[in-house]
Amino acid sequence: MRISVIVPVYNVSAYLGRCMRSLLAQTFQDREILLVDDGSTDGSGPLCDMWAREPGVRAVHRTNGGLSMARNSGLEAARGEYALFLDPDDYFGPRLLENLADAAERRGADLAVGAFTMVGPDGRERPRAFPAERVFRTPAELEELLLGTVGALPEEPLDSRYGLSACARLYRMEVIRRGGVRFVSERELISEDLIFNMDFLAWAASAVVTTDASYFYCANAGSLSKRHREDRFAQDCALCRAVEERLARRCPEAVFRPYLDRLLISRARYDILQEAAYRDREDRSYPLRQRTAAILDAPALREALERYPWRRLPRMQGMFAWLMRERRVGALLALARLKRRFLDGRRQ
């Protein structure tokens, strides 16, 4: 089995060395590494060429088109039986490729799903491993995997049971080619990873969820406010419409609606946290209360909050959902700041 590891690169010269050292240290060596330079301006392009001197490493250069287009360029250049994506500011534990390849080969799976270890700005690690290996083969099982990628049931602790990300997943290239699966541009549709995963699962015949959690996802200080964009919630609503279109082809609305509603509610919660962080850290004149009220008044969110069983959510998520439902802007922002202080305290 040969694996193509696709690394989209854009202005990450500070992190690329750590990323590449983790790839070259893998115990599984039947792999190629594709560094896709997306028109970097900070010297990352020449760094890609330098690393391409290593055996099994290739550099691909393209004009800037965004993360999704860089990943698509990697898929077009890939020669492996499977593809796997690594963001250049993250890194792998030494056995990640071995563990995912072993699970995919043993189970004959089109998709092998790993989990993450979250790394805070202080270096503290928080693994989020799945409790046991599980295989999905029947249409009902694959539907469950699809729903659990989109969201989760109210009682579950995380907003997505299996995660939305395209990283830490091993995809069979034959399925990608047969289905014409590609990333949509993040400039067109936010959370392009989720759409890619849904489109891949429409063609996959089997999958395995593994216990590996050696993809290290690195959160950088201040990232919440740095990623701010005023149209984010409008983009999240567009994402949910695209997700609903895909879910409606696979299962009845009564089945998928709780997962889709949790997706929208969780995105609104995250967007409000981001709005508050941006106002407090970047622009004190930002009209935070008005922007928050506009999110809460969005018709799609109002409908989701009215029908969602918020009392069954984990405590903090339930508090957010109730305050959003009741349009308690002041209390909601106070809770958002309290949560951020708690998270900042854990990073110290």
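Criteria and thresholds
- Residues numbered from 1 in each chain as written.
- Predicted model: local features only at pLDDT ≥ 70, side-chain atom pairs only at ≥ 80, totals over all residues.
- Heavy atoms only, no water.
- Salt bridge = Lys/Arg side-chain N within 4 Å of Asp/Glu carboxyl O.
- Helix = DSSP H or I, 4+ residues; strand = E, 2+ residues; numbered from the N terminus.
- Buried < 20%, exposed > 50% of the residue type's maximum accessible area, 1.4 Å probe, protein only.
- Pairing = 2+ DSSP bridges.
- Axes fitted to C-alpha atoms, helices over the stretch in contact; angles between N-to-C directions.
- Contact = heavy atoms within 4.5 Å.
- Arc of directions from axis to C-beta.
- Parallel < 35°, antiparallel > 145°, perpendicular 65-115°, else oblique.
- Left-handed = near helix turned anticlockwise from the far one by under 90°.
- Phe/Tyr/Trp six-rings, centres within 6.5 Å; stacked < 30°, edge-to-face > 60°.
- Lys NZ or Arg CZ within 6 Å of the ring centre and 35° of its normal.

1. Description of the pattern of salt bridges
Here comes step 1: Evaluation of the coordinates by the stated rule reveals 32 salt bridges.
Here comes step 2: Between Glu98 and Arg95 there is a salt bridge, with its nearest N and O atoms 3.1 Å apart.
Here comes step 3: Linking Glu133 and Arg107 is a salt bridge whose minimum nitrogen-to-oxygen distance equals 2.9 Å. Taken together, the residues span a long stretch of sequence, with Glu133 in the loop between strand E8 (125-128) and strand E9 (134-136) and Arg107 in helix H4 (residues 96-107) at a distance of 26 residues.
Here comes step 4: A residue is classified by how much of its surface remains accessible, and Arg107, at 32% relative accessible area, is partly exposed.
Here comes step 5: Here the residues in one salt-bridge network are Glu244, Glu253, Arg257, Asp261 and Arg307, joined through shared partners.

2. Brief notes about the sheet that holds E8
Here comes step 1: As summarised here, the arrangement of the 4 strands in space is E5-E12-E7-E8, forming an open sheet in which the pairing is mixed. On the outer flanks of this sheet lie strand E5 (91-92) and E8, each paired with one strand and no other.
Here comes step 2: Here strand E7 (residues 116-119) pairs with E8 via 4 bridges, running antiparallel. Bridge pairing in E8 links Met118 to Arg126.

3. Here we look at the sheet that holds strand E11 (residues 207-209)
Here comes step 1: Spatial ordering of the open sheet is given by E3-E2-E1-E4-E10-E6-E11-E9, a layout of 8 strands whose pairing is mixed. For this open sheet the edge positions go to strand E3 (57-62) and E9, each flanked by a neighbour on one side alone. Between one strand axis and the next, the sheet turns by 20 degrees as a mean value, whatever way the strands run.
Here comes step 2: Pairing analysis gives 3 bridges linking E9 to E11, with the strands arranged antiparallel. Its bridge partner being in E11, Arg134 is matched across the sheet by Val209.
Here comes step 3: Sheet strands touched by helix H1 (residues 16-24): strand E1 (3-9), strand E2 (31-38) and E3. Its angle to E2, the strand with the most contacts, is close to 165 degrees.
Here comes step 4: Sheet strands in contact with helix H7 (residues 192-201) are strand E4 (82-85), strand E6 (111-113) and strand E10 (169-172), and its direction is about 40 degrees off that of E10.

4. Describing helix H2 (residues 44-51)
Here comes step 1: Buried within H2 we find Ser44, Gly45, Cys48 and Trp51. The arc that holds every buried residue of H2, seen down its axis, measures 125 degrees, which confines them to one face.
Here comes step 2: On the buried face of H2, the contacting elements are E1, H1, E2 and E3.

5. Focus: the packing of helix H10 (residues 253-281) against helix H12 (residues 299-307)
Here comes step 1: Packing of H10 against H12 leaves a shortest axis separation of 10 Å and a crossing angle of 120 degrees. The angle between H10 and H12 falls in the class oblique. H10 and H12 meet at a crossing whose hand is left-handed. Note on element contacts: H12 touches H10 through Ala300, Leu301, Ala304, Leu305 and Arg307, opposite Arg257, Asp261, Leu264, Ile265 and Ala268.

6. Some details on the environment of Pro46
Here comes step 1: Looking at where Pro46 falls in the secondary structure, it is placed in helix H2.
Here comes step 2: When the C-alpha atoms of Pro46 and Ala59 are compared, they prove to be 9.5 Å apart, with 13 residues separating the residues in sequence.

7. A look at the packing of aromatic side chains
Each aromatic ring pair is characterised by the separation of its centres together with the angle its planes make.
Here comes step 1: Within this structure, the stated rule accounts for 14 aromatic pairs.
Here comes step 2: Centroid distance Tyr278 to Tyr286: 5.2 Å. Interplanar angle 85 degrees. Geometry classified as edge-to-face.
Here comes step 3: An aromatic cluster of at least three residues, connected via ring pairs, comprises Phe85, Tyr171, Phe183, Phe196 and Phe200.
Here comes step 4: The lysine or arginine in question, Arg71, covers the ring of Phe85, its NZ or CZ lying 5.5 Å from the ring centre.

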